[in-house]
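Residue-level structure breakdown
Chain by chain, the residues:
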Amino acid sequence: MSTKQAYVQVSGLRKHYGDGDARLTVLDGIDTSINRGEICVMLGPSGSGKSTFLNLIGGLEDADGGSIMVDGCDLTVLKPTDLGEYRRRELGFVFQFYNLVPDLTIKENIEVTAHLSKNPLNVDDLLRSLGLYEHRNKFPRQVSGGQQQRCAIGRALVKNPGLLLCDEPTGALDYKTSKEILQLMEDVNRTYGCTIIIVTHNAAIARMANRVLRLRDGRIVEDGLNESPVAAAELDW
Ligand SMILES: Nc1ncnc2c1ncn2[C@@H]1O[C@H](COP(=O)(O)OP(=O)(O)O)[C@@H](O)[C@H]1O
Ligand SMILES: [Mg+2]
């Protein structure tokens, strides 16, 4: 047994929606652990419960059973105010659709969450590393989808989160832009040391992961370490 404590430790996690005939079990006893600094990719077909899993780890939804330990703290027993503090302090979220504020500039979209953190990253430095510095005064509609997603990643990262949760982050992007975004995540993982969980139905992305989880019918059917992850630039699909 490893003596290293997992950063994220999920045990017996259960979640259902609806009741009676409409009852749908989405997560049917999930056990896994993710170490600090890992890139973890969770695969699974559409409807298999990937977003639900991520929302539970992110404290956006309540579990029906089981525990979710993040950095030694069980989310399932936290009071709502403490859960809010956990989300502000520890987490960055990236979604398929960027959810930027349309009437704030690229820079302002990032600054909004910088204010939530006690030790935010320098916004101009971050804009440069995202390749957005020269676009900082534009509005989201004036830049490409890939640049909007870079901004959304910046908004998540500026807080300097321990955990970056990404739900189909390349789902709305073309092949070339998807690879650029995955390379950016790889850089972010190296530079800032944050643990990254990416959920996707694109199996090719798993090749860049340190850990691969596969979800099917509410259960984890594969949980393994990838001994030799491939650089995001080398992915192909
Ligand atoms: N709020 C909800 N109410 C009822 N059913 C839901 C809700 N959210 C998700 N579901 C259902 O749970 C299942 C898993 O959804 P989801 O976690 O979004 O899967 P994935 O992200 O893998 O596509 C789907 O059948 C979906 O329709
Ligand atoms: Mg989903």
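The structure under discussion appears in the preceding block.
Another aspect to go through is the pairing of strand β3 (residues 39-43). Successive residues of a regular strand alternate their side chains across the two faces of the sheet. Most of β3 is tucked away, with 5 of its 5 residues classed as buried. The alternating pattern of β3 places Ile39, Val41 and Leu43 and Cys40 and Met42 on opposite faces, both of which are buried. For β3 and strand β8 (residues 195-200), the ladder comprises 5 bridges, and the chain directions are parallel. When the bridges of β8 are listed, Val41 appears paired with Ile198.

Here the focus is the pairing of strand β7 (residues 163-167). Counting buried positions along β7 gives 5 out of 5 residues, so the element sits mostly inside the fold. As defined by bridge partners, strand β6 (residues 91-94) adjoins β7 across 4 bridges and the pair is classed as parallel. In the strand pairing of β7, Val94 is matched with Cys166. Pairing of β7 with β8, which is carried by 5 bridges, proceeds in the parallel orientation. The partner of Asp167 across the bridge, within β8, is Val199. Handedness of the crossover joining β7 and β8 through helix α6 (residues 175-192) is recorded here as right-handed.

Sheet strands associate in pairs through backbone hydrogen bonding, adopting either a parallel or an antiparallel arrangement. As summarised here, the arrangement of the 4 strands in space is β2-β1-β4-β5, forming an open sheet in which the pairing is antiparallel. Both edges of this open sheet fall to β2 (24-34) and β5 (73-74), since each of them pairs with a single strand only. Two elements, strand β1 (residues 8-17) and strand β4 (residues 65-70), share 5 bridges in a ladder whose sense is antiparallel. Looking at β4, one finds that Ser11 is bridged to Ser67.

Nonpolar side chains in soluble globular proteins generally cluster together in the buried interior. Judged by nonpolar contacts, the single largest core of 40 residues is most densely connected at Val41, Ile110, Leu164, Ile196 and Ile198. Of all the secondary structure elements, the ones that give two or more residues to this core are β3, α3 (106-114), α4 (123-129), α5 (145-157), β7, α6 and β8. If we ignore the near neighbours within four places in the chain, the residues touching Ile110 are Val123, Leu126, Leu127, Leu130, Cys151, Gly154, Arg155 and Val158. Listed in part, the 27 residues of the second largest apolar core include Leu27, Phe93, Val199 and Leu213.

Quick look at the packing of α3 against α5 now. Where α3 contacts α5, the two axes come as close as 7 Å, and the packing angle between them is 25 degrees. Comparing their axes, α5 and α3 come out roughly parallel. Seen along the crossing, α3 lies across α5 with a hand that is right-handed. Listed contacts from α5 to Ile106, Asn109, Ile110 and Thr113 of α3 are Cys151, Gly154 and Arg155.

What follows deals with the site of ligand 1. Residues in contact with ligand 1, as listed here, are Tyr17, Leu24, Val26, Pro45, Ser46, Gly47, Ser48, Gly49, Lys50, Ser51 and Thr52. Here an oxygen atom of ligand 1 and a backbone polar atom of Gly47 are 2.7 Å apart. Here an oxygen atom of ligand 1 sits 2.8 Å away from a polar atom, N or O, in the side chain of Ser51. In the complex, 56% of the free accessible area of ligand 1, which totals 560 Å², lies under the protein chains. Taken together, the elements giving at least two residues each to the shell around ligand 1 come down to β2 and α1 (50-57). For the shell around ligand 1, the element with the most residues is α1, which contributes 3 residues. Broken down by class, the residue content of the shell around ligand 1 amounts to 4 nonpolar, 6 polar and 1 charged.

Right, let's get into the environment of Ile198. Position of Ile198 among the secondary structure elements: in strand β8. Setting aside anything within four residues of it in sequence, one finds Ile198 in contact with Ile39, Cys40, Val41, Met42, Cys166, Pro169, Leu182 and Met185.

Reading guide: rules and limits
Residue numbers here run from 1 along each chain, matching the order of that chain's written sequence. Chains carry letters and ligands carry numbers; both start at the beginning, A for chains and 1 for ligands, and go up in the order they are written. Reporting of local features is limited, given that this is a predicted model, to residues whose pLDDT is at least 70; pairs of side-chain atoms are given and counted only at 80 or more, and all residues count toward the totals for whole chains, interfaces and linings. The side-chain figures draw on all heavy atoms in the structure; neither hydrogens nor water molecules are used. Only protein chains enter the calculation, and the probe is 1.4 Å; a residue is then buried if its accessible area is under 20% of its type maximum, exposed if over 50%, and partly exposed in between. Only runs of H or I of at least four residues qualify as helices and only runs of E of at least two qualify as strands under DSSP, and these elements are numbered from the N terminus. Each pair of strands is called paired provided DSSP finds at least two bridges between the two strands. By convention a crossover is right-handed if, when the strands point away from the viewer, the path from the first strand over the helix to the second runs clockwise. As used here, the term nonpolar core means buried Ala, Val, Leu, Ile, Met, Phe, Trp, Tyr and Cys residues forming a set that is joined through side-chain atoms within 4.5 Å. Contacts between residues were defined by any pair of non-hydrogen atoms, one from each residue, lying within 4.5 Å. Axis definition: a line fit to C-alpha positions, over the contact stretch in the case of helices; interaxial angles, taken between N-to-C directions, run 0 to 180 degrees. The scheme is simple: roughly parallel for angles under 35 degrees, roughly antiparallel for over 145, roughly perpendicular for 65 to 115, oblique for anything else. Crossings are classed by handedness, with left-handed meaning an anticlockwise turn of the near helix from the far one by less than a right angle and right-handed meaning a clockwise turn. Any residue with a heavy atom positioned within 4 Å of a molecule or strand is treated as near that molecule or strand. Residues adjacent in sequence count toward polar contacts only when both atoms are side-chain atoms; beyond that, a polar contact is any pair of N or O atoms within 3.5 Å, and within protein one must be able to donate a hydrogen and the other to accept it. Residue burial considers only the protein chains on display, and all accessible areas are found by Shrake-Rupley using a 1.4 Å probe. Residue polarity follows a fixed list, in which Ala, Val, Leu, Ile, Met, Phe, Trp, Tyr, Cys and Pro are nonpolar, Asp, Glu, Lys and Arg are charged, and the others, Gly among them, are polar.

Functional significance is not addressed by these values, which are geometric in nature.
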